[in-house]
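What follows is the residue order along each chain.
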Amino acid sequence: MTALAVLSFLVWCWLLSMHGQFWRAGPVLPALTPSHRPPVAIVVPARDEAPFIERTIRSLLAQNYPGTFGITLVDDRSEDGTGGIVRAIGDQRLNVLAGSPRPAGWAGKLWAVQQGVAASGAPEYFFLTDADIKHDPSHLASLVAMAERHGLDMVSEMVVLSCESLPEKCLIPAFVFYFQLLYPFAQVNNPLCGTAAAAGGSVLIRRRALHRIGGIEAVRGALIDDVALAGAVKAGGRIFLGHSALARSIRPYPKAQDIWSMIARSAYAQLHFSRLVLAGTTMAMTLVWLVPPLEALFGHGAARVLGFLTWTMFTAAYLPTLMRFRRSFIWAALLPAIAVFYRAATIGSAVNYHRGRGVVWKGRAYAGGAP
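Presented here is an overview of the structure given in this document. Note that the structure is a prediction, hence the values are computed from the model and not measured.

## Here we look at empty space enclosed by the protein
Rolling a probe over the atoms, with the probe sized like a water molecule, indicates the empty space that remains.
Thinking step 1. This structure, assessed with the given rule, holds three cavities of 30 Å³ or more.
Thinking step 2. Of the pockets and cavities examined, the largest cavity occupies roughly 120 Å³.
Thinking step 3. Surrounding the largest cavity, 13 residues form its lining, Lys109, Val113, Leu128, Gly200 and Asp225 being those nearest its centre.
Thinking step 4. For the lining of the largest cavity, the per-class residue count stands at seven nonpolar, two polar and four charged.

Below you can see the structure in the form of structure tokens.
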């Protein structure tokens, strides 16, 4: 077991020193005012979002952006009156588009986005956002200002996630931490590094960049659509990924099962539906998150010392994320147990896929296709 303790220690030494400083709190997009006022089209795909959609749309209509902007909501065949709620708002800047049936080969959300983009004319920018996000009035202006000042083709942010219920307090900060581990923001924002990612709830993209990559159709079947879009854009342009202080998810996750479902719907897709990659990922998670505390608690001699030291290292790395969520440092001690939950949800995602249940989201289930 000493060999595993040494290997885990060396892996964490590399992660903390050579992996894009993923553990840092990350860049936060401040409130900015653009010097130019290019027109922006906001596209909101929505399927069965009645509890959230009015707050989202009203927050978008309240943007203090000094240029012109319009909103296209694509009602993706909702069954809960989502479209009717938005139509009742009655603002001339707002267009509600009834989504058409999804063609073969398209992911459901991307097909809705494609319809919204096609119906929005030829603005300088498209702002793609989700139907469960509340925006500060300065949000859109800040996104445009960031893109204009730095010549960016895409600006994306991880919005503030709900962290009120006990399961959220336990599991949501770790979700952000793991995302940063997979896609270190410093590497994403480095034009010389191939790492690319975005957070789908808040994506501003230049029209010419979208045209350059072949439009939304270029990533039409992607289940991890935000990462796929970012990769396509970064291949020929510059992108930015940070944290948002100006946009907040209003979707709660009151039960651990809700967070499990959020993870399981896309985790196996992230692994390209490969059993081999799943096995490697499971072993890697065991080595990184579980070997250190097990060695610290039950090991002997050098293995125990290394286990305790490694456990301390990744506990300390988690603290900036906990501070972002205003959570006690005590939660950091539970990170190995939280990792067990995420590992189990990833395996559960694969089990669903191989049992034919595949990806399940918004009442749609696809054994091997896109929702």
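Following the structure, the description resumes.
## Considerations on the pattern of salt bridges
Thinking step 1. Evaluation of the coordinates by the stated rule reveals 11 salt bridges.
Thinking step 2. Across the salt bridge formed by Asp225 and Lys109, the nearest N and O atoms sit 3.9 Å from each other. Placement of Asp225 in helix α9 (residues 225-234) and of Lys109 in helix α4 (residues 108-118) is noted, with a sequence separation of 116 residues between them.
Thinking step 3. Exposure remark for Asp225: the relative accessible area of 16% places this residue in the buried category.
Thinking step 4. Note that Arg206 is salt-bridged to Glu148, the shortest N-O span being 3.6 Å. A residue pair is termed long-range when its members are at least 10 positions apart, and Arg206 in strand β8 (residues 202-206) and Glu148 in helix α5 (residues 139-150) qualify at 58 residues.
Thinking step 5. The class for Arg206 is buried, based on a relative accessible area of 5%.
Thinking step 6. A relative accessible area of 24% places Glu148 in the partly exposed class.

## Brief notes about the pairing of strand β3 (residues 69-75)
Two faces belong to every sheet, and in a regular strand the side chains alternate between them.
Thinking step 1. With six of seven residues buried, β3 is to be regarded as a mostly interior element.
Thinking step 2. Judged from the seven bridges that link them, strand β2 (residues 40-46) and β3 form a sheet pairing that is parallel. By the bridge assignment, Ile42 is partnered in β3 with Ile71.
Thinking step 3. Of the strand pairs in this sheet, β3 and strand β4 (residues 94-98) are connected by five bridges, and their pairing is parallel. By the bridge assignment for β4, Leu73 is matched with Val96.

Parameters and conventions
- Residues numbered from 1 in each chain as written.
- Predicted model: local features only at pLDDT ≥ 70, side-chain atom pairs only at ≥ 80, totals over all residues.
- Heavy atoms only, no water.
- 1 Å grid on protein atoms, 1.4 Å probe; cavity = no way out; pocket = protein on both sides within 12 Å on 5 of 7 lines; lining within 4 Å.
- Points joined across faces, edges and corners; volume = space filled by probe spheres on them.
- Nonpolar A, V, L, I, M, F, W, Y, C, P; charged D, E, K, R; others polar.
- Salt bridge = Lys/Arg side-chain N within 4 Å of Asp/Glu carboxyl O.
- Helix = DSSP H or I, 4+ residues; strand = E, 2+ residues; numbered from the N terminus.
- Buried < 20%, exposed > 50% of the residue type's maximum accessible area, 1.4 Å probe, protein only.
- Pairing = 2+ DSSP bridges.

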